[in-house]
Amino acid sequence: DRDGLLVEADGGTLFLDEIAEMPLHLQPKLLRVLQDGEVRPLGTNKMVKVDVRVIAATNRDLAVSLREGQFREDLYYRLNVVQLHLPPLRARTEDILPLAEHFLARSAGRSHKTIRGFSESAKKLILTHCFPGNVRELENLVERAVALAETDLVCPEDLPPAVRERKSQDRLATAVAQGLTLDQLEREFIERVLDAEGGNKTRAALRLGLDRKTLYRKLEEYAAAAKEAGKETE
């Protein structure tokens, strides 16, 4: 007798998190709902009309899932009407401190502790961390700091060892020591920016300050060089 989520969301919005994890056998059912605007509640033979706006999110590259046969192409194009790309936290450092302060206020409230902010040295450590775990890692970091803090400020000793003891990495010094050429360093930088943008060449070109034709040409040159190097090793 209970309404399902789609019926509950009728006239509103349904948020589907981690859509890439949906099993293949369920994907056609979701596609039919999106196409026909109808669902059949369990235990009945009657179709129910629903008017639902769907927002889907994933941290995986759905284009890769398509190629690997893990996600239906028709469902992908049905969902992909308006696409919003959120870069990783390391690519938007201006968001780190506002998010950290938000998590601090929430966690301190839950713990009934009076903590008014981060010390300057703690801020510097947080800003220089690369956050491979993105926003969830930042949230957990702040919760830990609140639990350990003994003053009204979060200090470096309250932060996890991975953040507190992080050794600075001078990539240019490393490149010089490795004897990398300018072309090799440029290629590595381009490939990393492309990876950070989820393979989107338009966004990568904007971030690199290149026009798309130049980026495409460079990628073609890299692919040709890799192919040639493969032949030489055979």
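Overview of the structure. Since this is a predicted model, take the numbers as computed values, not measurements.

Cut-offs used in this document
Per chain, residue numbering runs from 1 following the sequence as it is written. It should be noted that, the model being predicted, local features are given only for residues of pLDDT at least 70 and side-chain atom pairs only at 80 or more, the latter also being counted only at that level, while totals for whole chains, interfaces and linings use all residues. Here the side-chain values reflect all heavy atoms present in the structure, with hydrogen atoms and water set aside. Between buried and exposed lies partly exposed: a residue is buried under 20% and exposed over 50% of the maximum accessible area for its type, with that area taken using a 1.4 Å probe on protein chains only. Secondary structure elements are taken from DSSP: a helix is a run of H or I of four residues or more, a strand is a run of E of two residues or more, and numbering for both begins at the N terminus. Strands are labelled as partners when DSSP assigns at least two bridges between them. Here a salt bridge means any side-chain nitrogen of Lys or Arg lying within 4 Å of a carboxyl oxygen belonging to Asp or Glu. This arc describes the spread of directions from the helix axis toward the C-beta atoms. We call two residues in contact when some of their heavy atoms are within 4.5 Å.

## With respect to the pairing of strand β1 (residues 13–16)
Stage number 1. Residue alternation in β1 divides its side chains into a buried set, L14 and L16, and an unburied set, T13 and F15.
Stage number 2. Where β1 meets strand β4 (residues 53–56), four bridges bridge the pair, whose relative direction is parallel. Within the sheet, the bridge partner assigned to L14 lies in β4 and is V54.

## Notes on the pattern of salt bridges
Stage number 1. Going through the model one piece at a time under the given rule, you end up with 13 salt bridges.
Stage number 2. We note a salt bridge from R60 to E21, for which the minimum N-O separation is 3.1 Å. A residue pair is termed long-range when its members are at least 10 positions apart, and R60 in the loop between β4 and α3 (62–67) and E21 in the loop between β1 and α2 (27–36) qualify at 39 residues.
Stage number 3. By relative accessible area, which is 47% here, E21 ends up partly exposed.
Stage number 4. Ionic contacts of the salt-bridge type, sharing partners, join the residues E197, R203 and R207 into one network.

## Let's talk about α2
Stage number 1. Every buried residue of α2 is accounted for by Q27, L30, L31, V33 and L34. When α2 is viewed along its axis, its buried side chains cluster within an angular range of 160° and face the same direction.
Stage number 2. Close packing links the buried residues of α2 with α1 (5–8), β1, β2 (38–39), β4 and α4 (73–79).
Stage number 3. Count one or two residues on from α2 and you reach G37, which has phi positive near 70°.

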